[in-house]
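A look at the structure
This is what each chain is made of:
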Amino acid sequence: MSAELRVDGERLWQRLQTLGEVGGLPGGGVCRLALTEEDRLGRDKVMSRMHELGLEVHQDAIGNVFGLRAGREAGAPVMTGSHIDTVRTGGVYDGNLGVLAGLEVVETLNRAGLQTRRPLCVAFFTNEEGARFAPDMMGSLVYVGGMTLEQALTTRGIDGESVADCLDRIGAAGQHPVGQPDVHAFVELHVEQGPVLERQGITIGAVEQVQGISWAEYRFTGRSNHAGTTPMDMRQDAGFAAMDTASYVRRRVSEAGGHQVGTVGRMSLTPDLVNVVPQTACMTVDLRNTDDRVLTQVEADVERHARELAKQEGLLFERHTLARFAPVDFDPGVVELVENTARRLGHSVRRMPSGAGHDAQMLARVCPTAMIFVPSVGGISHNIEEYTAMEDITAGANVLLQVLLELAQTP
Ligand code: HGY
Ligand code: MN
Ligand code: MN
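The numbers attached to residues start from 1 for each chain and follow its sequence in the written order. Here the convention is simple: chains get letters from A, ligands get numbers from 1, in the order in which they are written. Per-residue local features are limited, in this predicted model, to residues with pLDDT of at least 70; the limit for side-chain atom pairs, both in listing and counting, is 80 or more; totals at the level of whole chains, interfaces and linings are taken over all residues. Computation of side-chain values covers all heavy atoms of the structure but excludes hydrogens and water.

Each metal's donors are the N, O and S atoms within 2.8 Å of it, or within 3.2 Å when it is Na, K or Ca, and because water is not part of the set, sites may look incomplete. At the metal site, the manganese ion (ligand 2) is ligated by His83 (NE2), Asp94 (OD) and His190 (NE2), and these contacts range over 2.1 to 2.3 Å. Here the donor residues for the manganese ion (ligand 2) map to a single chain with the spacing H-x10-D-x95-H. Between the two metals, the manganese ion (ligand 2) and the manganese ion (ligand 3), the spacing is 3.5 Å, and Asp94 donates to both. Of this pair, His83 sits in the loop between strand 3 (78-82) and helix 3 (96-112) while His190 is found in strand 5 (residues 185-191), placing the two residues 107 residues apart along the sequence. Each helix corresponds to a stretch of at least 4 residues labelled H or I by DSSP, and each strand to a stretch of at least 2 residues labelled E; elements are numbered beginning at the N terminus.

Take a look at the structure:
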C-alpha cells in the first residue's frame, strides 16, 4: 500500500507560493534574510502548519525547528527538511521546497492513516544562507556540533547585529537542547540551482557530494586623498587593490578549470566618493571546488596576490575566514536508494555533485545522508526568477516520500 502512496503536488505547489508571499518582493521573488521580521513571519507560518499536522514541535537555542511525528516504535527519527531563510533576492523554492515537501509527506501519511515504524521529523535550520551572518549552514552546523552555540550567538552580521540579539528579537531562541533530537538518517529535497538536470532533460538528481566552500573577507586600508591632485606614484589606493584582486580571482579560477568557481559578491569602499582616492576597501571572496586540493591552492594564490599587491601599494591587508568546509560525500546506500526509488517511480535520474552548500552536508557528519535534486529552469537561483515546474516538484516529493518510507521501516 505504501509503495503506491503519492503526494498531492498541487497542494505542495500552492503552499510554496503562499509561503513565498512572506517577504515577497514587488516584482516577484522573496527577501527573508535570516532572523529578520520576515523570517519570523515565515517561521510562524511553518510552525503553525506543523501543529495543524499533529507534529510535536521543538525549537532549539539557535532557532532550529523540529516537527516530530511518532512512529510505531520509539527511537531516532528519520529526518528531512532544509531552510526557510533566503538571500535578499531569493526564489520561492530554495530551501522552502525541502521543508514544505517534508510537511506534504506528513500530510499524505496522515490522510492515508499510515504510521511508520520509526518516528519521522521535518526540520528547518536557522541561517542556512549565511548571507547575513556567516558561515552558511550555521544552524545545522551548531546542531551537529561543528560550531559552538556561543560562537554562533556572538556572530555579527553584515549589518553589525549579533545572532543572539536577532534571535531574541524574533523570539526564536528556543529551550530545546541543541543537538536533539538524535537522527537515524537525513534526506533533503532541494532545487538543483544549476543547469545540469535541465540541460540533460533529467528529472531527478541523486546527489553524491557537496563541493568544498571557502568564504573570506579581504580588507585593504590605504589613505584617502584628492583624486585630482594626488600623483599616481603617491597613492595608497585601497579600491584599486580590491578591484585588481577581484579580477585576479576570475583569472586564477579560469586557469584552474574543472569544477573551480569564484565569486566576489560584496565590495564596499570608503569614503565611496567620486573625487576621493578610496581609503578602505572590503570585499568577499567565495571559492568552491569538488577537489579540495585545487581549492586550497587557489585560495592560497588569491591571498598571495592580495598580500603582494597591498605591499606594493603601501596598504594594510587583513583576511578573515568566514566559512571553510571541505567537500562532503553522502552515504552511498542512501544515494543508491534515491537513485533506485526515482527509477522505480519511472523518473530519469543521474548522480551528481552539489555546487551549492546545504544543511545536508552538516547532517552527513552524524548520520547516513543524501539529497534529491529537481531541475532549476535556466539553472537560475539566488535570483527572483528562480523556477521549478510543478511536475518536477511533484516528482521530487514523491521520491522523497518513498525514500523516507523505506528508511523509516528499517530497525
Ligand atoms: O551559498 C550556498 O551555497 C548556500 O546557498 N548557502
Ligand atoms: Mn538552499
Ligand atoms: Mn541558497
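Moving on, we get to the packing of helix 2 (residues 37-52) against helix 3. At a minimum axis separation of 11 Å, helix 2 and helix 3 run at an interaxial angle of 15°. With respect to helix 3, the axis of helix 2 lies roughly parallel. Crossing of helix 2 over helix 3 shows left-handed handedness. Together, Val46, Arg49 and Met50 of helix 2 and Val99, Leu103 and Glu107 of helix 3 make up the contact between the two elements. For helices, the fitted line uses only the C-alpha atoms of the stretch in contact; every axis is such a line through C-alpha atoms, and the angle between N-to-C directions lies from 0 to 180 degrees. Geometric relationships in this document are graded by angle, where less than 35 degrees denotes roughly parallel, more than 145 denotes roughly antiparallel, 65 to 115 denotes roughly perpendicular, and other angles denote oblique. Less than a right angle of anticlockwise turn of the near helix away from the far helix marks a crossing as left-handed, whereas a clockwise turn marks it as right-handed. By definition in these notes, contact holds between two residues if any of their heavy atoms fall within 4.5 Å.

Around the manganese ion (ligand 3), the protein contributes the donor atoms Asp94 (OD), Glu129 (OE), Glu129 (OE) and His382 (NE2), at 2.2 to 2.5 Å from the metal centre. Donor residues for the manganese ion (ligand 3), ordered by position in the chain, follow D-x34-E-x252-H. Relative accessibility under 20% of the residue-type maximum defines a buried residue, over 50% an exposed one, and the middle range a partly exposed one, all with a 1.4 Å probe and only protein chains included. Judged by relative accessible area, which is 5%, Asp94 ranks as buried.

Considering the arrangement of structural elements, one finds Glu10 in helix 1 (residues 9-20). By relative accessible area, Glu10 is classed as exposed at 56%. For Glu10 and Val87, which are 77 residues apart along the polypeptide, the C-alpha to C-alpha distance reads 26 Å.

Bringing the site of ligand 1 into the picture now. We define proximity as follows: a residue is near a molecule or strand when any one of its heavy atoms falls within 4 Å of that partner. Near ligand 1, the surroundings consist of Glu128, Glu129, Asp136, Trp215, Arg288, Ala356, Gly357 and His382. Here a polar contact is taken to be a pair of N or O atoms separated by no more than 3.5 Å, where protein atoms must pair a possible hydrogen donor with a possible acceptor and residues adjacent in sequence count only if both atoms sit in side chains. For ligand 1, a nitrogen atom lies 3.2 Å from a polar atom in the side chain of Glu128. At a separation of 2.6 Å, an oxygen atom of ligand 1 approaches a polar side-chain atom of Arg288. What sets the accessible areas is the Shrake-Rupley method with a 1.4 Å probe; for residues, cover comes only from the shown protein chains. Isolated, ligand 1 exposes 210 Å² of accessible area, and the fraction of that covered by the protein chains is 95%.

Taken domain by domain, the chain comprises domain 1 (9-210 + 327-407) and domain 2 (212-325). Domain 1 and domain 2 are separated by 33 Å when their C-alpha centres are compared. In this assembly, 18 residues from domain 1 lie in contact with twelve residues from domain 2. Each of two parts loses accessible area, computed with a 1.4 Å probe, when they are put together; buried area is these two losses added. Across the domain 1 to domain 2 interface the summed buried area is about 1,000 Å²; carbon plus sulfur atoms make up 64%. When residues of domain 1 are sorted by the area they lose upon contact with domain 2, Asp136, Ile158 and Pro327 head the list and together hold 40% of the total. Salt bridges are defined as contacts in which a side-chain nitrogen from Lys or Arg sits within 4 Å of a carboxyl oxygen from Asp or Glu. Applying the counting criterion to the domain 1 and domain 2 interface returns zero salt bridges. Counting the contacts that link domain 1 with domain 2 gives zero residue pairs in polar contact (both at pLDDT 80 or more). Following the grouping adopted for this structure description, the nonpolar residues are Ala, Val, Leu, Ile, Met, Phe, Trp, Tyr, Cys and Pro, the charged ones are Asp, Glu, Lys and Arg, and the polar ones are all others, Gly among them. Considered class by class, the residues forming the side of domain 1 that touches domain 2 number ten nonpolar, five polar and three charged. Boundaries of every domain are those given by an automatic assignment or by a domain database.

As a further point, take helix 12 (residues 390-408). The span one expects for a helix is its residue count, reduced by one, times 1.5 Å. The end-to-end C-alpha distance of helix 12, which contains 19 residues, comes to 26 Å, matching closely the 27 Å that a straight helix rising 1.5 Å per residue would cover. Within helix 12, 16 of the 19 residues are buried, leaving the element largely enclosed by the surrounding structure.

With that settled, the discussion passes to helix 9 (residues 292-313). Between its first and last C-alpha, helix 9 extends 31 Å over 22 residues, near the 32 Å set by a 1.5 Å rise per residue. Among all positions in helix 9, only Leu295, Val298, Glu299, Asp301, Val302, His305, Ala306, Leu309, Ala310 and Glu313 are buried. Down the axis, helix 9 shows its buried residues gathered within 165° of arc, on one side only. Residues of helix 9 that are exposed and angled more than 90 degrees away from the buried face: Arg293, Glu308, Lys311 and Gln312. Of the surrounding secondary structure, the elements contacted by the buried residues of helix 9 are strand 7 (212-221), helix 8 (238-256), strand 12 (280-289) and strand 13 (316-325). Where helix 9 begins, one side-chain oxygen reaches toward the backbone nitrogen of Arg293, 2.8 Å away; that side chain belongs to Asp291. Positioned one or two residues after helix 9, Gly314 has a phi angle of 70°, which is positive. Taken from the helix axis, the directions to the C-beta atoms give the arc we talk about.

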